[in-house]
Amino acid sequence: MTEYGSFPGARPRRLRTTPVMRRMVAETRLHPADLILPAFVREGISEPVAVSAMPGVYQHTLDTLRKAAVEAVTAGVSGIMLFGVPEEAKKDAAGTAGTDPDGILQVALRAVREEVGDDLVVMSDLCLDEFTDHGHCGVLDAQGRVDNDATLERYAEMAQVQADAGAHVVGPSGMMDGQVGVVRDALDGIGREDVSILAYTVKYSSAFFGPFREAVGSSLKGDRKTYQQDAANSRESMRELALDLAEGADMVMVKPAGPYLDILAKVAESVDVPVAAYQISGEYAMVEAAAEKGWIDRDQAIMESLTGIKRAGAQMILTYWATEAARALR
C-alpha cells in the first residue's frame, strides 16, 4: 500500500478528468465577439472567385459580400475588415482607385454599412498595395524606392474617403513612419473624430503572406523589406508600439499572429489599449492543406491556433475562419 504523502503528492490531472471539469478551470476562453472576418471584394465579377491557395476563401461580389456580412453578424462576429480588388486596368503608380470615392473599396464599405448598419464593426484596409501597378504599399520616388512622406499624403486622402464611405475603423497597414498621426489628423480635419484607428503596429515581412497576394491580385515584384519589419527583431516592435500610441492609435495589431506569439505577448503586457492579432493567409493555408491531406484534425487545429493567439494576449483576432469558428463556439 502506498503511504500517505508519498510521491506524487501533487496531482494536476485531477483538474483534467472530464470535459466539464476542463471547461470549468480553463484559463483562456474564446468567444465569437473576439473574432473579425477579413473579406475581399473584387470589381468587375458576377460570381465569387475562389482563392486557390486559401480553400474556402473567395473574392466576393458586392452581393456575396453583403451575404457574408450578414452571416458574420448572425454568428456573433464583431467585425469585418474589407480589402478591395480593383480591375487591373484601374491600377496606376499612385493607386488612385484607392482614393476614388467610387472605387471598389469605398463602394463595398457603403454596401456593407447599408446591409448591417452598426451591427458589425466595419473596418477598411488603409493601404495602396492593392491599387498600385507596382504592388507596393506607397508611391515610388525617381529611384523606385517607396517614398514615405509622399505616401503619407495619399494615406490622409484615403482615410477621409473611407470614413465618408462608412468605415467605423480604418487600418493603416503600410508600415510608413508617421502614418497613424497623419491619418488621425486627416480624420479629425473633416470632423470624423468618431472613426477609430486600428494601427498595424507590428507587421513583419513574412513568407506567410504568400496566399494573400493572390487574394488581392497583387502586382508586386520583389519584397517589402524596406518598410515591413525584420523577423529577427523584437525591440523594434516595442519602438513602433510607442510611436503609434503617441500618434493616437486606438487599437494596435500584431501581424502575422502564430509565428510571432512572443511579440504579441510583449505588446499585450505593455499597453492599455485593445490588442489585435491577424492570423494571416499562410497560417490559414497550412492548416487547410494539412487537413486536406488527412495529416491533422482540421477543426481541432483551428480552435487550438485561435486559443493560442488569445492566450498570448490578443483581445481581437482577425481570421478567415471567423464566421465558422464563431458558429462552433456558439
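Before reading further, recall that the structure is shown in the block above.
Residues numbered from 1 in each chain as written. Predicted model: local features only at pLDDT ≥ 70, side-chain atom pairs only at ≥ 80, totals over all residues. Heavy atoms only, no water.

### Focus on the overall build of the protein
Logical step 1: For the protein, the count of helices and strands is eleven helices and ten strands.
Logical step 2: Against the compact-globule benchmark of 20 Å for 330 residues, the protein has a radius of gyration of 21 Å, which places it among compact chains.
Logical step 3: With the C-alpha coordinates of the protein rotated into their principal frame, the extents come out at 85 × 45 × 40 Å.
Logical step 4: Taking the intrachain contacts of the protein between residues at least 6 apart in sequence as the baseline, contacts between residues at least 24 apart amount to 75%. (Helix = DSSP H or I, 4+ residues; strand = E, 2+ residues; numbered from the N terminus. Rg over C-alpha atoms; globule rule 2.2 N^0.38 Å. Contact = heavy atoms within 4.5 Å.)

### Topic: the side chain of Arg 184
Logical step 1: With respect to the helices and strands, the residue Arg 184 is situated in helix H5 (residues 179–189).
Logical step 2: At a separation of 3.0 Å, a polar atom in the side chain of Arg 184 contacts the main-chain carbonyl oxygen of Val 195.
Logical step 3: Apart from the residues lying within four places of it in its own chain, the contact partners of Arg 184 are Arg 192, Glu 193, Val 195, Ser 196, Ile 197, Glu 247, Gly 248 and Asp 250. (Polar contact = N/O pair within 3.5 Å; in protein donor to acceptor, adjacent residues only side chain to side chain.)

### Details of helix H3 (residues 104–116)
Logical step 1: With 13 residues, H3 extends 18 Å between its outermost C-alpha atoms, agreeing within 8% with the 18 Å of an ideal straight helix rising 1.5 Å per residue.
Logical step 2: All of the buried residues along H3 are Ile 104, Leu 105, Gln 106, Ala 108, Leu 109, Ala 111, Val 112 and Val 116.
Logical step 3: Against the buried residues of H3 lie strand E1 (35–42), helix H2 (62–75), strand E4 (79–85), strand E5 (121–126) and helix H4 (148–165).
Logical step 4: Remark: Gly 117 follows H3 within two positions and exhibits a positive phi of approximately 60°. (Expected span 1.5 Å × (residues − 1). Buried < 20%, exposed > 50% of the residue type's maximum accessible area, 1.4 Å probe, protein only.)

### What about the environment of Tyr 200?
Logical step 1: Its location among the elements puts Tyr 200 in strand E7 (residues 196–203).
Logical step 2: For Tyr 200, a relative accessible area of 1% corresponds to the buried category.
Logical step 3: Note: C-alpha distance between Tyr 200 and Glu 27 (173 residues apart in sequence) is 27 Å.
Logical step 4: Leaving out residues up to four positions away in the same chain, Tyr 200 has contacts with Met 81, Phe 83, Asp 125, Gly 171, Pro 172, Ser 173, Met 175, Gln 179, Asp 244, Met 253, Lys 255 and Tyr 278.

### Some thoughts on the state of the cysteines
Logical step 1: Scanning all chains against the criterion turns up zero disulfides.
Logical step 2: Summary of cysteine pairing: Cys 127 is not part of a disulfide, and the nearest cysteine sulfur, belonging to Cys 137, is at 3.4 Å.
Logical step 3: For Cys 137, a relative accessible area of 1% puts it in the buried group. (Disulfide = S-S within 2.5 Å.)

### Thoughts on the packing of H4 against H5
Logical step 1: As a packed pair, H4 and H5 sit with axes 8 Å apart at the nearest point and diverge in direction by 45°. When the axes of H4 and H5 are compared, the pair comes out oblique. The handedness of the crossing between H4 and H5 is right-handed. Across the interface between the two elements, Leu 152, Tyr 155, Ala 156, Ala 159, Gln 160 and Ala 163 of H4 pack against Gln 179, Val 182, Val 183, Ala 186 and Leu 187 of H5. (Axes fitted to C-alpha atoms, helices over the stretch in contact; angles between N-to-C directions. Parallel < 35°, antiparallel > 145°, perpendicular 65-115°, else oblique. Left-handed = near helix turned anticlockwise from the far one by under 90°.)

### Re the pattern of salt bridges
Logical step 1: One pass over the structure, following the stated rule, counts 16 salt bridges.
Logical step 2: As a salt-bridge pair, Arg 184 and Asp 188 come within 3.1 Å of each other at their nearest N and O atoms. Of this pair, Arg 184 and Asp 188 both sit in helix H5, four residues apart, which is roughly one turn of the helix.
Logical step 3: According to the relative accessible area criterion, Arg 184 is buried, its value standing at 12%.
Logical step 4: Judged by relative accessible area, Asp 188 falls into the partly exposed class, the value being 30%.
Logical step 5: Several salt bridges share partner residues, and in doing so they unite Glu 288, Arg 298, Asp 299 and Glu 324 into one network. (Salt bridge = Lys/Arg side-chain N within 4 Å of Asp/Glu carboxyl O.)

### A few points about unusual backbone geometry
Logical step 1: Between Lys 255 and Pro 256 the backbone carries a cis peptide bond, its omega angle lying at -5°.
Logical step 2: Among the structural elements, Pro 256 can be located in the loop between strand E8 (251–255) and helix H8 (261–270).

### Quick look at the side chain of Gln 59
Logical step 1: Here Gln 59 lies in strand E3 (residues 58–60).
Logical step 2: Classification of Gln 59 as buried rests on a relative accessible area of 5%.
Logical step 3: Among the polar contacts made by the side chain of Gln 59, one reaches the side chain of Arg 42 at a distance of 2.8 Å.

### Examining a positive patch on the surface
Logical step 1: A cluster of basic side chains, namely Arg 11, Arg 13, Arg 14 and Arg 16, defines a positive patch on the protein surface.
Logical step 2: Tracing the backbone shows Arg 11 in the segment before helix H1 (19–24).
Logical step 3: A relative accessible area of 44% places Arg 11 in the partly exposed class. (Patch = residues over 30% accessible without salt bridge, like charges linked within 9 Å, V, L, I, M, F, W, Y side chains within 5 Å. Areas by Shrake-Rupley, 256 points an atom, 1.4 Å probe, with all protein chains shown as cover. Lys, Arg positive; Asp, Glu negative; His and termini not counted. Charge placed at Lys NZ, Arg CZ, Asp CG, Glu CD.)

### Some points on the packing of aromatic side chains
Two aromatic rings are characterised by how far apart their centres lie and by the angle between their planes.
Logical step 1: A full pass over the atoms with the stated rule returns six aromatic pairs.
Logical step 2: When the centroid spacing of 5.9 Å and the interplanar angle of 20° are considered together, the rings of Phe 40 and Tyr 320 count as stacked. Residue Phe 40 is located in strand E1, and its partner Tyr 320 is located in the loop between strand E10 (316–318) and helix H11 (322–329); the two are separated by 280 residues in the primary sequence. The two residues Phe 40 and Tyr 320 agree in class, both being buried. (Phe/Tyr/Trp six-rings, centres within 6.5 Å; stacked < 30°, edge-to-face > 60°.)

### Focus on the nonpolar core
Logical step 1: If you look at the biggest cluster of nonpolar residues, it comprises 94 residues, and the most contacted ones within it are Ile 80, Leu 82, Tyr 155 and Tyr 278.
Logical step 2: With near-sequence residues (within four places) excluded, Tyr 278 lies in contact with Pro 38, Phe 83, Tyr 200, Phe 212, Met 253, Val 254, Lys 255, Pro 256, Ala 257, Glu 283, Leu 318 and Tyr 320. (Core = buried A, V, L, I, M, F, W, Y, C linked by side-chain atoms within 4.5 Å.)

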